[in-house]
Each structure stands twice: as C-alpha cells, then as structure tokens.
Amino acid sequence: MMARATRTAEATLMALIPIVLALVVIGVLLVVLGRDPFTFYADMFQRGLIDWQGFQESIIRSAPLLLIAAGLIVAFRANLWNLGADGQFLLGAALTAGFAPSLLESLGVWPMLVATMAIAALVSGAWTIIPAVLRARYGVNEIITTLMTSFIGIGVANVLVKGPFRTDVLGVARTDVVPFDQRLPLLWGTRIHLGFVIGVVAILAVHILMTRTSLGLRLRILGASPRAALHAGLNPLRLTVIAFFVSGALIGISGAVEILGVQGSFRADFNPAYGLLVIPLVFLARLNALGSLVLVIIFSVIQIGGESAAREAEITSDVLLVLVALILLFMAVIEFVRVRRGIGMHFVPPDLAERVRPGNGDGGGHAGGGGAAGRDPREAIGAGETGAR
C-alpha cells in the first residue's frame, strides 16, 4: 500500500513539474511584454475554473479531448505511435456533420445521434488499418504512415465539405447546421452536453480494458515485447489492427461529439488540432487513463481561462500554444535527465521511446535487431520467428 502511494505521489509530482516550469516561463514572457503575470493567471483561473459559466465551457472543451486521450492510450500502451489523430478527428467530424441532417429527417434525434457516432467510429477506425497492417506485416514505421494518413484524412474531410456535403450558402464552405435542440442533450440544466459523459465513460472503459481484461493484457504484452507476444501464442498482426482500430474509432467519436455537442456543422476551415494537444497530456499521465482524465480537465481549464485572460491582457492567444510547447520541452529535459541518471519513472515507456531514438541500429532487444543505423529497431512484428504469419 505504501509503495503504491509512493508511486502515485511521484507520478503526480513528475506530471506537475513540467506544467509549473512552463507557467513560470510564460510568466517571465508576460513580464517582458509588460503584462502582470499574477493578474493574467488570476484571470485565467477565475474564468476557466471559478466562474460557473467559464467552468462549464472548460468541461465542454474537455469532452472531445477525453475521447482522443482514450484512443491514444490504447495505441501507446501497445507500443504503437498513432500520430494521425487530427485526420481521424476531422473525418469523424465531417462525416457526422454531412450525414446528420438527412438522418435526422428520416430517423429522428436519438437514432441520428447513435448512427452518426457509429459512422464516425467505423470510418475513423478503418482509416487506421493501413498503417496497422504496414506496421505489423512489413515493419513500416507507423509514425510516418499515420502522419501521412492524417494529412490525407484532413484533405478528404475538406473535399467532402466542399463537395457532396456542402450547403447552399455563401462564404466558407460548410455543411447544413444541425438544430441546437436536436443535438446531444444538455445535462442537469447546464450548458454541458452529453458528450462529456461519453468522454468520461470512454476513458474509464479504456482504464478497465487495459488493466482488467485479457485483451488489455495481450495489448500490453505486445507493447512490452512483440517477440514475447509471438512466443506466447498471440497474433501480433491481429492485436496491432485491433489496437489501431479501437484508437481510431474513439478519436472518430470525438469528432462526432464536437459536431453534435458544440459546432452543429462542419466548416472547411475547421481544424482545432486537438490531437497534437492531447499527446503531451497522456504522456504526462504516463499513459494512465485516470491520470489523463484529471490532466485533460486541468488543461481545458487553462485553455478556456487562458483565452479569456489573453483577451483581457490584449495579447494573442497563441501564448497558450507556447505554453504547450514549453510543457513538451520540459518533459523532454526531465526525461533526458532521469534516463541519464537511471532513476525513477519515465514519461515515455522505454520500448516506446526506443522506437523513435535517432541513429539506433542495434535493435536493443527488439525483433529485427541488427539493421542499419536509422532503421526502425522493430521490424515487421514477428518477422523471421517461428509461427509468424
């Protein structure tokens, strides 16, 4: 019990250090710009956390982020880099906005909500199958393939909204608007919509999946060692496809929730880039679903409150992007120091970090070791092993 409490305390401390350091640096930047950092942060937390209307906005913002975090955790815990979240998100959003008006007319509200989220999940999940097969069968680095498919997915979403889904209005191309009273229902007389509950349920389900089920155990074995998974009688190709599909499906639902809960329609210039924002949060939580739940809500408070504080201080809201970049920078610095000293826990699991370490050609115990420098240390999952398919 004491050991678990110690690990939890250490994990909490290590997650907070990069955030605190980033806030300190942003404070120094505000001083250089002639702004009072204490006033800025007071305004930020007043608007994003203390003020009831602002807090509701923070909770609303967290809904799609929770679903993206859930999807990323599934892939990352299986030692798979799904960096195509933005393309999967926009595909889910565009398909939801495109099909919702016609499904609403023919089916009604609740069948439309279920059907559009199912379409978003299936298509976004299927969008990840190509990187999954290329990773597992041929050893193609999924960092490259998911980024490429993300770029294509963003393009496809824009083609849809400028083509078959476009409504007859002037200006930026967009879809028809889903009426406000026919979107996701609001909760308890607030402005918070059902999407927040869906996000919380999804991240709790991922926690149970990864810690309490046989599938989660198999995915974690795959993440720890593909060779061990193969010798244990598991099918790495199938597990890779499952991990990617579930990851993409959850991210696709996040796009549906954003349309059905907030936007109401999809515009050709809509791309909030939530995927890249969530990645540092799940690593700060060390791929722990419950920790990610807390950090996503905290980040949503900072984001909503920070936008308001930036307007009050008459500075650009891009300062929030600088904040995210600084969090990533301090994460990397702390990780480097801890790895060099060989102490404590890491933000990135060692096997996952090994995958993107530049110039690594010895394989480091992964299947496919001994390749040329710069080659992906883990080749096709199970390649060359007895029973590989």
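Residues numbered from 1 in each chain as written. Predicted model: local features only at pLDDT ≥ 70, side-chain atom pairs only at ≥ 80, totals over all residues. Heavy atoms only, no water.

Our focus in this paragraph is the nonpolar core. Among soluble globular proteins, nonpolar side chains are generally buried collectively. One finds Phe-40, Ile-68, Leu-72, Phe-76, Met-112 and Phe-266 to be the most contacted residues of the largest nonpolar core, which totals 100 residues. Among the elements that take part in this core, helix 3 (residues 52-77) stands out by supplying 12 residues, more than any other. (Core = buried A, V, L, I, M, F, W, Y, C linked by side-chain atoms within 4.5 Å. Buried < 20%, exposed > 50% of the residue type's maximum accessible area, 1.4 Å probe, protein only. Helix = DSSP H or I, 4+ residues; strand = E, 2+ residues; numbered from the N terminus.)

Applying the stated rule across the entire model yields five salt bridges. A salt bridge links Arg-135 to Glu-142; the nearest nitrogen and oxygen atoms lie 3.6 Å apart. Comparing Arg-135 with Glu-142 shows no difference in burial state: the two are buried. (Salt bridge = Lys/Arg side-chain N within 4 Å of Asp/Glu carboxyl O.)

What follows deals with helix 13 (residues 289-313). Counting along an α-helix, one turn takes 3.6 residues, and residues three or four places apart therefore face a common direction. For helix 13, with 25 residues, the first-to-last C-alpha span of 35 Å sits near the 36 Å given by 1.5 Å per residue. Capping the start of helix 13 is the job of one residue whose side-chain oxygen sits 3.0 Å from the backbone nitrogen of Leu-290: Asn-288. Glu-314 sits one or two positions beyond helix 13 and adopts a positive phi of about 60 degrees. (Expected span 1.5 Å × (residues − 1). Polar contact = N/O pair within 3.5 Å; in protein donor to acceptor, adjacent residues only side chain to side chain.)

This part is about empty space enclosed by the protein. Under the criterion given, the structure shown has two cavities of 30 Å³ or more. Along its surface, the largest cavity is lined by Ile-19, Leu-281, Leu-284, Leu-295, Ile-298, Phe-299, Ile-302 and Ile-327. At the level of secondary structure, the elements contributing two or more residues to the lining of the largest cavity comprise helix 12 (274-284) and helix 13. Sort the elements by how many residues they give to the lining of the largest cavity and helix 13 lands first, with four residues. Of the residues in the lining of the largest cavity, the class split is eight nonpolar, no polar and no charged. Computed from the structure, the second largest cavity encloses a volume of approximately 50 Å³. (1 Å grid on protein atoms, 1.4 Å probe; cavity = no way out; pocket = protein on both sides within 12 Å on 5 of 7 lines; lining within 4 Å. Points joined across faces, edges and corners; volume = space filled by probe spheres on them. Nonpolar A, V, L, I, M, F, W, Y, C, P; charged D, E, K, R; others polar.)

As a further point, take unusual backbone geometry. Backbone geometry at Arg-286 places phi at a positive 55 degrees, although glycine is not the residue there. Relative to the elements of secondary structure, Arg-286 occurs in the loop between helix 12 and helix 13. You can call Arg-286 buried: its relative accessible area is 16%. At Glu-314, a residue that is not glycine, the phi angle is positive and equals roughly 60 degrees. Residue placement: Glu-314 occurs in the loop between helix 13 and helix 14 (319-341). On the accessibility criterion, Glu-314 (68% relative accessible area) is exposed.

Put simply, helix 8 (residues 194-212) and helix 9 (residues 214-224) touch, their axes get as near as 5 Å, and they point 70 degrees apart. Taken together, the axis directions place helix 8 and helix 9 in an arrangement best described as roughly perpendicular. Contact residues: helix 8 offers Leu-209, Met-210 and Thr-211, while helix 9 offers Leu-215, Gly-216, Leu-219 and Arg-220. Here the contact of helix 8 with helix 9 is built from residues that sort into four nonpolar, two polar and one charged. (Axes fitted to C-alpha atoms, helices over the stretch in contact; angles between N-to-C directions. Parallel < 35°, antiparallel > 145°, perpendicular 65-115°, else oblique. Contact = heavy atoms within 4.5 Å.)

With 26 residues, helix 3 extends 36 Å between its outermost C-alpha atoms, agreeing within 8% with the 38 Å of an ideal straight helix rising 1.5 Å per residue. At Ala-63, helix 3 is bent by approximately 30 degrees, the largest bend along its length, and proline Pro-64 sits one to four residues beyond. Burial analysis of helix 3 places 21 of its 26 residues in the buried class, the great majority of the element. Where helix 3 begins, the capping side chain belongs to Asp-51, and its oxygen is found 3.4 Å from the backbone nitrogen of Gln-53. At the exit of helix 3 stands Asn-79, carrying a positive phi of roughly 65 degrees. (Bend = angle between axes of the 7 residues up to and from the residue.)

Right, let's talk about the side chain of Thr-116 for a bit. Positionally, Thr-116 belongs in helix 5 (residues 109-126). Take Thr-116: its relative accessible area is 0%, and that puts it in the buried class. Reaching out from Thr-116, the side chain makes a polar contact with the backbone oxygen of Leu-113 at a distance of 3.1 Å. If sequence neighbours within four positions are ignored, Thr-116 has contacts with Thr-96, Phe-99, Ala-100, Leu-103 and Leu-260.

Any functional reading would require information that these geometric values do not contain.
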